[in-house]
Structure formats: structure tokens, C-alpha cells
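# Geometric and topological summary
The lines below spell out each chain.
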Amino acid sequence: MYMFQWKKEYETGIKTIDEQHQELFRIANKSYALLKNDMILDKYDRVVEILNELLDYCEYHFSTEEKYLLDIGYKKFVSHKAQHEGFIKKLRDINFDEIDEDQDKYLMGILEFFIKWISGHILSRDMDYARYSRTLS
């Protein structure tokens, strides 16, 4: 079950970055599949597991992306990194007590935030450095 479809318009043309973005979408779809699974009544442990996976993978991806931005001399590096840090802070600030109150609602809220942020970030900020990197070649 997929809610979050990878689209051609998300491709930066930078293989490693595109593959990592696709993995972020895979994690989001894993979350959505859990959300829609009515056979699991208590999803708390799995929600926490997925959120930790998302946090770990985002930290890995952002460090890869930031290294790439430094390597190409991207002029907007500082503001780009600040967006990454804000996103990581939001994930770290998750209130795990709230998850238990209404697991499905909380998970859906996180998913909506994640997909809105990541798709907007890719389409605006990441495409900006992708265009910049093409001018270097």
C-alpha cells in the first residue's frame, strides 16, 4: 500500500541523493502501511521503531547531502543546513506520550508533516542545488 509516490519531478539528477530520497519515501510508505493495518491494535512500539528509523536515515541523508553541497561550493549551504537541523529537531521533539493517546492520529500527523516537508524541500531547495551543480559541469 503506497500513499506517497516517487515522481520524476523529484529527481535531482544526482544518483546518490535521488536514491536516498527514494528511501525516505519508502520509510513514509512503511509508516502508512502500519497506519492502515487494522489487524494491529497497539502500534506504539512499531511507531517508535519507524520514527527512529526515519530520524537515523534523515541524519545519514542530510550529512551526505551537506557534504555534497560543500564539495560543490554551494552558496546557500548555511540556510540549507538550517532547514535540515529544523527538521531533525522536530523529529527529536516528538512527544512519545502523545503517540500512545491516539496512535493512528499521531502517526498520520507525522506522515503529513514529513511528506509535505520532504516534497517541498526536494522541489525547491534540492532542485536549486541540482541546477547549481549542473552549471559547474
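Refer to the structure presented above.
Let me sum up the structure you'll find in this document. Bear in mind the structure is a predicted one, so any value in this text is a computation, not a measurement. (Residues numbered from 1 in each chain as written. Predicted model: local features only at pLDDT ≥ 70, side-chain atom pairs only at ≥ 80, totals over all residues. Heavy atoms only, no water.)

## Remarks on the overall build of the protein
Within the protein, the regular secondary structure consists of five helices and zero strands. Starting at the N terminus and ending at the C terminus, the protein contains elements arranged as α-α-α-α-α. Overall size of the protein, expressed as C-alpha extent along the three principal axes, is 55 × 30 × 20 Å. The 137 residues of the protein split such that 44% are buried. In the protein, the share of contacts with a sequence separation of at least 24, taken over all contacts with a separation of at least 6, comes to 76%. Surface exposure of the protein reaches about 7,900 Å², of which carbon and sulfur atoms provide 52%. Charged side chains of the protein number 20 positive and 26 negative; the gap between the two group centres comes to 7 Å. (Helix = DSSP H or I, 4+ residues; strand = E, 2+ residues; numbered from the N terminus. Buried < 20%, exposed > 50% of the residue type's maximum accessible area, 1.4 Å probe, protein only. Contact = heavy atoms within 4.5 Å. Areas by Shrake-Rupley, 256 points an atom, 1.4 Å probe, with all protein chains shown as cover. Lys, Arg positive; Asp, Glu negative; His and termini not counted. Charge placed at Lys NZ, Arg CZ, Asp CG, Glu CD.)

## Focus: empty space enclosed by the protein
Sizing a probe to match a water molecule and rolling it over the atoms shows the empty space that remains. A full pass over the atoms with the stated rule returns one cavity of 30 Å³ or more. Put simply, the largest cavity is a space of about 40 Å³. In terms of lining, the largest cavity is formed by Ile27, Ala28, Ser31, Ile50, Leu51, Leu54, Ile110, Leu111 and Phe114. Only α1 (15-36), α2 (44-72) and α5 (103-136) provide two or more residues apiece to the lining of the largest cavity. Of the residues in the lining of the largest cavity, the class split is eight nonpolar, one polar and no charged. (1 Å grid on protein atoms, 1.4 Å probe; cavity = no way out; pocket = protein on both sides within 12 Å on 5 of 7 lines; lining within 4 Å. Points joined across faces, edges and corners; volume = space filled by probe spheres on them. Nonpolar A, V, L, I, M, F, W, Y, C, P; charged D, E, K, R; others polar.)

## Quick look at the side chain of Asp18
When you line up the elements, Asp18 lands in helix α1. As a buried residue without a salt bridge, Asp18 has its nearest oppositely charged side chain in Lys8, at a separation of 8.1 Å. Those residues in contact with Asp18 that lie beyond four places of it in its chain are Trp6, Tyr10, Glu11, Thr12 and Gly13. (Salt bridge = Lys/Arg side-chain N within 4 Å of Asp/Glu carboxyl O.)

## Observations regarding the packing of aromatic side chains
Going through the model one piece at a time under the given rule, you end up with 12 aromatic pairs. On the numbers, 6.0 Å between centres and 55 degrees between planes, the contact of Tyr68 with Tyr129 is tilted. Within this pair, whereas Tyr68 is found in helix α2, its partner Tyr129 is found in helix α5, the two being separated by 61 residues in sequence. Taking relative accessible area as the criterion, Tyr129 reaches 0% and is therefore assigned buried. Aromatic side chains Phe87 and Phe114 sit 6.0 Å apart centroid to centroid with 50 degrees between the ring planes, which places their arrangement in the tilted category. Remark: Phe114 occurs in helix α5 and Phe87 occurs in helix α3 (residues 77-92); sequence separation between them is 27 residues. Three or more aromatic residues joined by ring pairs form one cluster here, namely Phe62, Phe87, Phe113, Phe114 and Trp117. For the cation-ring pair, Lys90 lies above Phe113, with the distance from its terminal atom to the ring centre recorded as 5.0 Å. (Phe/Tyr/Trp six-rings, centres within 6.5 Å; stacked < 30°, edge-to-face > 60°. Lys NZ or Arg CZ within 6 Å of the ring centre and 35° of its normal.)

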